[in-house]
Amino acid sequence: MTSTNRKQHAKRQLDDRIHKLADSLTHARQSFWRLIQIIRATSTLIVPLPGLGTKAHEPVLRACMRMADQHGQWARSPEAWAGPIANSAVQFRSLVGHLFDQYPVPNFMSRVWLDEQDKPWELEMYLHLAAGKSIRQFESPVPLRLTKSAAAYFMQAPDDLVPMTALRWAHIRSLGGDGQLARELTSRTILAGPTQHEPFWDSVIRFIVRNQPKPLDESVAIVNYLHEQKFQPANAVWRPCDWEAGSGRDPLQPDIDIQGRSLRSLRRHMANWESEVALKHTLPPVKHRKGWNQSGIFPFKCDRRGEVWTVEELLTREDLSVEGGIMRHCVARYAHSCHCNRSSIWSMKVHNGEQRRRVLTIEVIPTTKTICQAKGKLDSPPSCEASEILRLWASQEGLRFRKGF
């Protein structure tokens, strides 16, 4: 098939998909076609891509259906919009803003129109803000309520967040946490979004802000420790080793509280817990030890100048121990996080004939598909070549990098 034929085939595929979506609409069909026509005329949002089918365009097409369904909320006609000369994300944000924004809306909110899960309350939140109403006036389905200070921070939340995470990010900032702390807690702990125990977690955040544990990893460890002890069933806490399956369904310390504690005393409790876990690990297992489930992210392999580079997921405690021993860092401590699907650990290796060398240990947050850490030996930063391989893998799997990576 020639290049021209491939382009024509891609255009026919895209046209067929657009017509099918339009046919599924009723009262919003005309508005949908108005959006499609202006997008094609003035932007590159739905340009046919030979060889890739229509999958890459599906989010934008679905977003057009949602925006067409809300045509009664349009502040301006789509025909008055001209797509900016920019990447697709900026173009899409410009289109949404043109249609709906009577007042400024945070950049991260525009992605709610692209969400595959189609959360109506997020769309309602966008329209609420676009009409100039305060986020504090919005009837959110989550239990977290924002102060005036938190509401101001919400409007300044980073572009890569989602509304649920932005609510928590703003909450942490309003309590005195800096952007880095807010980023760590929202990307690596249960505090990625609102919970059913907000008063308790509010006190924990205040404790962390007041005591400023260093490094930031300790703040993450404090939140994870308290979550395990207070809310997780004992069976789940011990299950990474499959040695305490009869520990019970109740949490280990359901009455644990942060009020009145010092950072030193909390560190002592956490250290004692780590010692107890380590002791358990020296005992014979009751049954055969197992690893944890795969994250659903695929591995990577490529050939570069005669060397084969691979990125593979580590799925057992033994794998983490070997990785940590060779790379001389503390990745073995992540076993429980991996088992609970809070983290996914990957090892980058380079193969030259029969020789194999470990290059990088990578942590991915499976729920958000975010690469949050990548360390070489002794926690050294990635080399230029390793960084390039990492980005190739990220591109293949649709992974994103934590801001400031």
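Our structure is the block above this text.
Just so it is clear, the model here is predicted, and its values are computed rather than measured. (Residues numbered from 1 in each chain as written. Predicted model: local features only at pLDDT ≥ 70, side-chain atom pairs only at ≥ 80, totals over all residues. Heavy atoms only, no water.)

## Digging into the overall build of the protein chain
Helices and strands together make up the secondary structure of the protein chain, namely 15 helices and six strands. Dimensions of the protein chain along its principal axes, counting C-alpha atoms only, are 70 × 60 × 40 Å. Counting all 405 residues of the protein chain, 46% fall into the buried class. Partitioning the contacts of the protein chain with sequence separation of at least 6, the portion at a separation of at least 24 is 61%. Summed over its atoms, the accessible surface of the protein chain is roughly 21,100 Å², and 49% of this surface lies on carbon and sulfur atoms. Computed over 56 positive and 42 negative side-chain charges, the separation of the two mean positions in the protein chain equals 2 Å. (Helix = DSSP H or I, 4+ residues; strand = E, 2+ residues; numbered from the N terminus. Buried < 20%, exposed > 50% of the residue type's maximum accessible area, 1.4 Å probe, protein only. Contact = heavy atoms within 4.5 Å. Areas by Shrake-Rupley, 256 points an atom, 1.4 Å probe, with all protein chains shown as cover. Lys, Arg positive; Asp, Glu negative; His and termini not counted. Charge placed at Lys NZ, Arg CZ, Asp CG, Glu CD.)

## Here's the deal with the side chain of His98
Checked against the element boundaries, His98 lands in helix α4 (residues 88-100). Its relative accessible area of 13% is what places His98 among the buried residues. His98 has contacts with Arg76, Ser77, Pro78, Ala80 and Trp81, leaving out every residue within four places of it along the chain.

## A closer look at the nonpolar core
The nonpolar side chains of a soluble globular protein tend to be buried, and buried together. Phe32, Met67, Phe100, Trp113, Phe154 and Leu226 are the most contacted members of the largest nonpolar core, which totals 78 residues. Not counting residues up to four positions away in its chain, the partners in contact with Trp113 are Ala63, Arg66, Met67, Gln70, Phe92, Val96, Phe100, Leu123, Tyr126 and Leu127. (Core = buried A, V, L, I, M, F, W, Y, C linked by side-chain atoms within 4.5 Å.)

## Observations concerning the pattern of salt bridges
Tallying each qualifying case throughout the model produces 19 salt bridges. With a shortest N-O distance of 2.6 Å, Arg206 and Asp202 are connected by a salt bridge. Here Arg206 and its partner Asp202 are both found in helix α9 (residues 198-211), four residues apart, which amounts to about one turn of the helix. (Salt bridge = Lys/Arg side-chain N within 4 Å of Asp/Glu carboxyl O.)

## Topic: the packing of aromatic side chains
Enumeration over the complete set of coordinates arrives at ten aromatic pairs. Aromatic side chains Phe108 and Phe154 sit 5.4 Å apart centroid to centroid with 85 degrees between the ring planes, which places their arrangement in the edge-to-face category. With Phe108 in the loop between α4 and α5 (120-130) and Phe154 in helix α6 (residues 148-154), the pair connects residues that are 46 residues apart, well separated along the chain. The pair formed by Phe108 and Phe154 is uniform in burial state, with each residue classed as buried. With a centroid separation of 4.9 Å and an interplanar angle of 70 degrees, the aromatic rings of Phe200 and Trp201 are classed as edge-to-face. In this structure, Phe200 and Trp201 share a single accessibility class: buried. By way of ring pairs, the aromatic residues Phe100, Trp113 and Tyr126 are connected into one cluster. Over the ring of Phe200 we find Lys230; its NZ or CZ atom is 5.0 Å from the centre of that ring. (Phe/Tyr/Trp six-rings, centres within 6.5 Å; stacked < 30°, edge-to-face > 60°. Lys NZ or Arg CZ within 6 Å of the ring centre and 35° of its normal.)

## A closer look at helix α3 (residues 58-69)
The end-to-end C-alpha distance of α3 is 17 Å, a good match for the 16 Å that twelve residues give at a rise of 1.5 Å each. Along α3, the positions that sit buried rather than exposed are Glu58, Val60, Leu61, Ala63, Cys64, Met65, Arg66, Met67 and Ala68. Turning to α3, the residues buried within the fold contact α1 (3-23), α2 (29-42), α4 and α5. (Expected span 1.5 Å × (residues − 1).)

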